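# Architecture at a glance
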Amino acid sequence: MVPSMAAFFLHKLLVASERRKEDKRLKDYRQVEAVAKAILSDPAVVEDVKRIADGLQKKWVKELVASASKADGDLDTTLAVLRRAGIIGGV
């Protein structure tokens, strides 16, 4: 089975904040942001993000939001995906 773009996005967002090495953490966040741009262009993938996140433990969803919020880089597109998927508030 080929992992979906939505699953990759959520996985990278989760693991990025756990990285000890800054270069790997920044690389993960860059990948998250690049994939987020593709996700925003396809409403079906945004729905996949929502569906997958709905199946996660609440603790993991909180960690996703925390990771996106505390990222060293600018994750505006990532935050937009999380908003459109209904994971965080806002439009």
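A short tour of the structure in this document, coming up. These numbers come from a predicted model, not from an experiment.

Attention now moves to a positive patch on the surface. The grouping of Lys21, Lys24, Lys27 and Arg30 at the surface amounts to a positive patch. Mapped onto the elements of the fold, Lys21 is located in the loop between α1 (5–16) and α2 (22–40).

Moving on: the pattern of salt bridges. This structure, assessed with the given rule, holds four salt bridges. The closest approach of N and O atoms between Asp28 and Lys12, which form a salt bridge, is 2.9 Å. With Asp28 in helix α2 and Lys12 in helix α1, this pair connects stretches of sequence that are 16 residues apart. Each member of the pair, Asp28 as well as Lys12, carries the same accessibility label: buried. Where Arg19 meets Asp28, a salt bridge forms, and the shortest distance between an N and an O atom there is 2.7 Å. Judged by relative accessible area, which is 31%, Arg19 ranks as partly exposed.

This paragraph deals with the packing of α1 against α2. The interhelical angle for the contact between α1 and α2, taken along N-to-C directions, is 150°, at an axis separation of 9 Å. As the angle between them shows, α1 and α2 are arranged roughly antiparallel. Considering only the axes of α1 and α2, their crossing is left-handed. Contacts from Met5, Ala6, Phe8, Phe9, Lys12, Leu13, Val15 and Ala16 of α1 reach α2 at Arg25, Asp28, Tyr29, Gln31, Val32, Val35, Ala36, Ala38 and Ile39. Partitioning the contact of α1 with α2 into residue classes produces 13 nonpolar, one polar and three charged.

Cut-off values and rules
- Residues numbered from 1 in each chain as written.
- Predicted model: local features only at pLDDT ≥ 70, side-chain atom pairs only at ≥ 80, totals over all residues.
- Heavy atoms only, no water.
- Patch = residues over 30% accessible without salt bridge, like charges linked within 9 Å, V, L, I, M, F, W, Y side chains within 5 Å.
- Areas by Shrake-Rupley, 256 points an atom, 1.4 Å probe, with all protein chains shown as cover.
- Salt bridge = Lys/Arg side-chain N within 4 Å of Asp/Glu carboxyl O.
- Lys, Arg positive; Asp, Glu negative; His and termini not counted.
- Charge placed at Lys NZ, Arg CZ, Asp CG, Glu CD.
- Helix = DSSP H or I, 4+ residues; strand = E, 2+ residues; numbered from the N terminus.
- Buried < 20%, exposed > 50% of the residue type's maximum accessible area, 1.4 Å probe, protein only.
- Axes fitted to C-alpha atoms, helices over the stretch in contact; angles between N-to-C directions.
- Parallel < 35°, antiparallel > 145°, perpendicular 65-115°, else oblique.
- Left-handed = near helix turned anticlockwise from the far one by under 90°.
- Contact = heavy atoms within 4.5 Å.
- Nonpolar A, V, L, I, M, F, W, Y, C, P; charged D, E, K, R; others polar.

The values are spatial; any link to function lies outside them.
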